[in-house]
Amino acid sequence: MKGFKMMCMAALFAGCSAAPDLEQQVDELYGKMSQEERIAQLRSMYMDELFDEQGQLDTAKCRELIPNGIGHFSQFASQKQMDPNVLRDRVAAVQDWLMNHTPNGIPALFHEEVLSGVNTRGATIYPQQIGQACSFNPELAEVKTRQTATAMRKMGGVLSLSPMVDVCRTPSFNRLEESYGEDGYLSAVMGVAFVKGLQQGDLKKGVGACSKHYLGYGGGGDAEEQELMEDILMPHEAMIRVADSKAVMPGYHAMLDENGDSTNCVANARILSDILRGYLGFDGMVVSDYTAIDQLPVESEELRVKSEEFATAKKAAAAINAGNDVDFPHGANYRFLQEAIDQGLVKAEAFERAVKDVLRHKFRAGLFDENPYLYSKEDIILDSPEERHTAYEIATQSVVLLKNDSNILPLPSLPASADSSLFTLHSSLFPLKVLLTGPNANTMWAMCGDYSFPAMTYFWKKTETDLDHPHTITLLEGMKDKLPEGMTLMYERGCDWTEEIETKFTVSGDERAWEYEILHRKVDSGEKADKAAALKLAQEADVIIAAVGENVMLCGENRDRQGLRLPGKQEQYVNELLATGKPVVLVVFGGRAQVISGIAERCAAVIQAWYPGEEGGNAVADILYGNVSPSAKLAVSYPAEEIYTPVCYSYSQFSLQRHTLKERILNSQLQWPFGYGLTYTTFEYKNLQVDHEAQTSDDHVELTFQLTNTGKVAATEIAQIYLSPLASQPSALSPLKLQGFARVPLEPGQTKTVTVRLFLDQFGYYSREGGVRQWNIAPGTYTVKVGASSADIRLEQQVELKGKAVSKPLRDNYFSEAVVSM
């Protein structure tokens, strides 16, 4: 029956013309649908509502709840813990019912979160986004999401609600971990890679990406127009125009609308209709964040005089008229769309646009094909060896070495490491005794960030047991398994994350979390924290590894805490470890940079590990032991004090409440700058050659430079290319802006050449004149800078652009191209 129905659908569209285009297909299906079917396409629900206690599809519930079909199913893979084959079978049962028992047999879009892998039991947990950004490796990011899409599509998932590409410039932002950091260019590069891997170049076999949270939810929504359009918009713009992303999710926050009023993004026509569809030419689907439409304000007088139903209908009308198509997670507001239409609140063209946007996405995903790929019929096995290997590779490239006094790392294992200062200090104490301690030393919560299966299940479902699926390697496990010869490893937890509940309640984000029981919890490690025992072992140790930081209840959506210093009494505990006089290696886990000034200066080494995923314990252990040389660079400016205002290396001192990188460092506000990170060797930059002049009408300028590994360890350097206008020349450009980078692996003594093509669009800036938005390339002198970080420029040369100023509606090129050769 299903095959017959799909053949009829295919025949209908094939009969329209020899080669019916997409819009013709959408129009014809729309014309066949009843009003009830159309509204149903704009709503979502949870799949579990349709199944009985035995796990069988309840057809009576289907006839009651979805007689006219349904557009979407929300977070289909994470609602209940189940085998992926059982999950797939449920999706198959629902799709079969929709295609055979609803008027036009329209399949649904099943969506899920895929930020660090598919959010379902047993699926690979990759490192959190902020860590992956520090890898500066878009190729590996694309591998990750390609693997994610393959697994999700097998289970029946067609749409994701990822990635999050907010340009996050406020260090305290509790969702910073989901982002790619503070830089628009890096966020755009990584976001495009995410989309390319996930969509696999074909929505009929890949999984659709969704750009969120549009626009400026993570910071910058209140920025001046030039910063908003050049930096904050850039990741969304590039994902749409370069990677063909076809879904966008507005943020919960409010921005100025076309009238200058503050309006929630989900009902903001300026950003959804004017900028997104008008300026960028977006022709995809706009979906609300969960409960975002519910949060639209309604005048209390309206509620008193009329009804709550009217108020809800008015919210639905405000969202759909402004440009939002779909109401997630369960269409609570759009169920009153007909009432809103009957009362003249909804524009007819807005309603038609929304329905057609959903249908268009379904056509693009191949759901109406004669043989649609709705799910796999093969046995589904999650977390394959290949996926675990990718998770490991990303983790090793995400961990940032911030400090390494006297080259205490990597830890020496045998007296053969005689050039190590640690061996010199403790040569009489071999075998070397290492103490691993701290709240994040032996826990999965040091590894799993928000939107992973364990974190989502713990937080939303309040399930606190049986979450280690797939198995997550803790730091203790990794260090034990990889323990080198000639080294003794001791362990004692010594300190808890917090002694009291520190999670702070804020009315923001998803309103489903606005309840006391969800937020008023403290993670139980299952281990006693015996400080006295740990300090006794510290006296016996030669080196102390202190694993500290946050956990699932101290950082993440709807979760925050007071301050940015280490939670609880962790800082006090580190001070007591330092008081032993033994060298302390501080390993910080968590979703954002935590303020460690005062102790970082006295630690022998500092590592920022973020949330490194299921293979994080192995990755950090390999870096500590020297099996892998760290290569990651910071994707954020690392604060030395608690900062609750935007921070970015590229800010001009003329911007409101913004300060230059130099000013921040001089004022001791920053501990380490954007782009900074150490490794176990040294590099020499040399022989920069740049095209000294070009016409503003040219396509690009080219530069080359050489990198040499001048140390004794094989390692990878991330060379960064920045662009600055001449200081004496008035310019609309930021004083320093990342415009390219290259990962350069080098053996000891090896030299490689890096060739970079900088496109002229990268010298440009945004402006709006007479209401017309445009991208401008102005003649003038610019400085091309090559460095190891934003504050460590090694080479620079000037290039002069000649000719007339060039203006165009949008950039043609967003990213430079780099080639590494011998």
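Just so it is clear, the structure is predicted and the values come from calculations on it, not from any experiment. (Residues numbered from 1 in each chain as written. Predicted model: local features only at pLDDT ≥ 70, side-chain atom pairs only at ≥ 80, totals over all residues. Heavy atoms only, no water.)

## Some points on unusual backbone geometry
What you tend to see is this: most non-glycine residues have negative phi, and most peptide bonds are trans.
And step 1. Note that the residue after Y214, namely L215, is joined by a cis bond; omega there is 5 degrees.
And step 2. Tracing the backbone shows L215 in the loop between strand 5 (211–214) and helix 9 (225–232).
And step 3. Positive phi, normally seen in glycine, also occurs at F136, with a value near 50 degrees.
And step 4. Considering the arrangement of structural elements, one finds F136 in the loop between helix 6 (129–133) and helix 7 (138–155). (Helix = DSSP H or I, 4+ residues; strand = E, 2+ residues; numbered from the N terminus.)

## As for the confidence of the model for the protein chain
And step 1. Scored by pLDDT, the protein chain comes out at a mean of 92, with 92% of its residues at no less than 70.
And step 2. pLDDT under 50 marks residues 1–19. Its contacts with residues more than four places away, or in other chains, come to 33 contacts.
And step 3. Here residues 653–658 scores under 50 on pLDDT; set against residues more than four positions off or in separate chains, the count is eleven contacts. (pLDDT = per-residue confidence, 0-100. Contact = heavy atoms within 4.5 Å.)

## Topic: the packing of aromatic side chains
The relative placement of two aromatic rings is captured by the distance of their centres and the angle of their planes.
And step 1. A complete count under the given rule lists 19 aromatic pairs for this structure.
And step 2. Taking 6.4 Å as the distance between ring centres and 75 degrees as the angle between the ring planes, the aromatic pair formed by Y279 and Y766 counts as edge-to-face. With Y279 in helix 11 (residues 269–279) and Y766 in strand 24 (residues 765–769), the pair connects residues that are 487 residues apart, well separated along the chain.
And step 3. Residues Y290 and F328 carry aromatic rings whose centres are separated by 6.1 Å and whose planes lie at 75 degrees to one another, so their mutual orientation is edge-to-face. Taken together, the residues span a long stretch of sequence, with Y290 in the loop between strand 9 (285–286) and helix 12 (300–305) and F328 in the loop between helix 13 (308–322) and helix 14 (337–342) at a distance of 38 residues. Comparing Y290 with F328, the two get one shared label, buried.
And step 4. One Lys or Arg, R38, reaches over the ring of Y30 and ends 3.9 Å from the middle of that ring.
And step 5. In this structure, K212 packs its charged tip against the face of Y451, placed 5.0 Å from the ring centre. (Phe/Tyr/Trp six-rings, centres within 6.5 Å; stacked < 30°, edge-to-face > 60°. Buried < 20%, exposed > 50% of the residue type's maximum accessible area, 1.4 Å probe, protein only. Lys NZ or Arg CZ within 6 Å of the ring centre and 35° of its normal.)

## Side note on the sheet that holds strand 11 (residues 432–437)
And step 1. Taken together, six strands build an open sheet; the order of strands is 10-15-14-13-11-12 and the sheet is mixed. Strands with a single pairing partner mark the edges of an open sheet, and in this sheet they are strand 10 (400–404) and strand 12 (487–492). The mean inter-strand angle of the sheet, taken between neighbouring strand axes irrespective of direction, is 20 degrees.
And step 2. Summarising the sheet, strand 13 (residues 543–549) and strand 14 (residues 584–589) pair through six bridges and their orientation is parallel. Note that in strand 14 the partner of V548 across the bridge is V588. (Pairing = 2+ DSSP bridges. Axes fitted to C-alpha atoms, helices over the stretch in contact; angles between N-to-C directions.)

## Notes on the side chain of T124
And step 1. By the element assignment, T124 lies in the loop between strand 3 (109–112) and helix 6.
And step 2. The exposure class assigned to T124 is buried, which follows from its relative accessible area of 3%.
And step 3. Engagement of the side chain of T124 in a polar contact is seen with the side chain of D383, the distance being 2.8 Å.
And step 4. For T124, the contacting residues outside a window of four places in its chain are S116, G117, V118, D383, E387, A391, P470 and E614. (Polar contact = N/O pair within 3.5 Å; in protein donor to acceptor, adjacent residues only side chain to side chain.)

## Notes on helix 2 (residues 22–32)
And step 1. Of the positions making up helix 2, those classed as buried are Q25, V26, L29 and Y30. All buried residues of helix 2 project into a common sector of 130 degrees when viewed along the axis, lining one side. (Arc of directions from axis to C-beta.)

## With respect to the sheet that holds strand 4 (residues 159–160)
And step 1. Here we have four strands laid out as an open sheet, ordered 1-2-3-4, and parallel in their pairing. Single-partner strands in this sheet number two, and they are strand 1 (44–45) and strand 4.
And step 2. Taken together, the two bridges between strand 2 (residues 72–73) and strand 3 define a ladder with parallel strand orientation. Following the sheet pairing, F73 is matched in strand 3 by F110.

## Focus on the nonpolar core
And step 1. Core analysis: the largest hydrophobic core is formed by 205 residues, its most contacted members being F73, L409, M479, I545, L586 and I596.
And step 2. Among the elements that make up this core, the one with the highest residue count is helix 8 (residues 184–199) (ten residues).
And step 3. Apart from the residues within four sequence positions on either side, I545 is in contact with L411, V434, L435, L436, T437, M479, V585, V587 and L624.
And step 4. With 31 residues, the next largest nonpolar core counts V690, L703, I777 and L801 among its residues. (Core = buried A, V, L, I, M, F, W, Y, C linked by side-chain atoms within 4.5 Å.)

## Overview of the environment of R592
And step 1. Note that R592 resides in the loop between strand 14 and strand 15 (605–610).
And step 2. Within polar-contact distance, the side chain of R592 engages the side chain of E550 at 2.9 Å.
And step 3. Polar contacts involving the side chain of R592 include one to the main-chain carbonyl oxygen of L554, which spans 3.2 Å.

## Quick look at the packing of helix 16 (residues 385–398) against helix 23 (residues 616–625)
And step 1. In the contact formed by helix 16 and helix 23, the axes pass within 8 Å of each other and the chain directions differ by 45 degrees. Considered as vectors, helix 16 and helix 23 are oriented oblique to each other. In this structure, the crossing between helix 16 and helix 23 has a hand that is right-handed. Here helix 16 contributes Y392, A395 and T396 to the contact with helix 23, which in turn contributes N618, A619, D622 and I623.
And step 2. Of the residues assigned to the contact of helix 16 with helix 23, the class counts are four nonpolar, two polar and one charged. (Parallel < 35°, antiparallel > 145°, perpendicular 65-115°, else oblique. Left-handed = near helix turned anticlockwise from the far one by under 90°. Nonpolar A, V, L, I, M, F, W, Y, C, P; charged D, E, K, R; others polar.)

## Thoughts on the side chain of E557
And step 1. With respect to the element layout, E557 can be found in the loop between strand 13 and helix 22 (570–578).
And step 2. Here E557 falls in the buried class, since its relative accessible area comes to 3%.
And step 3. Apart from the residues within four sequence positions on either side, E557 is in contact with N174, R175, E178, Y252, D450, Y451, F459, G509 and D510.

## Overview of helix 22
And step 1. Taken together, the buried positions of helix 22 are occupied by Q570, Y573, V574, L577 and L578. The buried side chains of helix 22 occupy one side of the element, clustering within an arc of 145 degrees when seen end-on.

## A few points about empty space enclosed by the protein
And step 1. This model, assessed by the stated rule, comprises six cavities of 30 Å³ or more.
And step 2. The volume enclosed by the largest cavity comes to roughly 210 Å³.
And step 3. Lining the largest cavity are 20 residues, and of these D231, K737, Q739, Q762 and R811 sit closest to its centre.
And step 4. Going through the elements one at a time, helix 8, helix 9 and strand 22 (737–746) are the ones with two or more residues in the lining of the largest cavity.
And step 5. Among the elements that make up the lining of the largest cavity, the one with the highest residue count is strand 22 (three residues).
And step 6. Residue classes in the lining of the largest cavity are distributed as seven nonpolar, six polar and seven charged.
And step 7. Forming the boundary of the second largest cavity are 16 residues, of which E113, D289, Y451, D510 and E557 lie nearest the centre.
And step 8. Residue classes in the lining of the second largest cavity are distributed as seven nonpolar, two polar and seven charged. (1 Å grid on protein atoms, 1.4 Å probe; cavity = no way out; pocket = protein on both sides within 12 Å on 5 of 7 lines; lining within 4 Å. Points joined across faces, edges and corners; volume = space filled by probe spheres on them.)

## Quick look at the pattern of salt bridges
And step 1. Under the defined criterion, the tally for this structure stands at 45 salt bridges.
And step 2. A salt bridge links E550 to R561; the nearest nitrogen and oxygen atoms lie 3.1 Å apart. A residue pair is termed long-range when its members are at least 10 positions apart, and E550 in the loop between strand 13 and helix 22 and R561 in the loop between strand 13 and helix 22 qualify at eleven residues. Like E550, the residue R561 is buried in the burial classification.
And step 3. Several salt bridges converge on common partners, so that one network encompasses E23, R277, D325, R353, D357 and R360. (Salt bridge = Lys/Arg side-chain N within 4 Å of Asp/Glu carboxyl O.)

## Remarks on a negative patch on the surface
And step 1. Judged by side-chain charge, E308, E309, E339 and D342 come together as a negatively charged surface patch.
And step 2. For the negative patch, the secondary structure elements donating two or more residues are helix 13 and helix 14. (Patch = residues over 30% accessible without salt bridge, like charges linked within 9 Å, V, L, I, M, F, W, Y side chains within 5 Å. Areas by Shrake-Rupley, 256 points an atom, 1.4 Å probe, with all protein chains shown as cover. Lys, Arg positive; Asp, Glu negative; His and termini not counted. Charge placed at Lys NZ, Arg CZ, Asp CG, Glu CD.)

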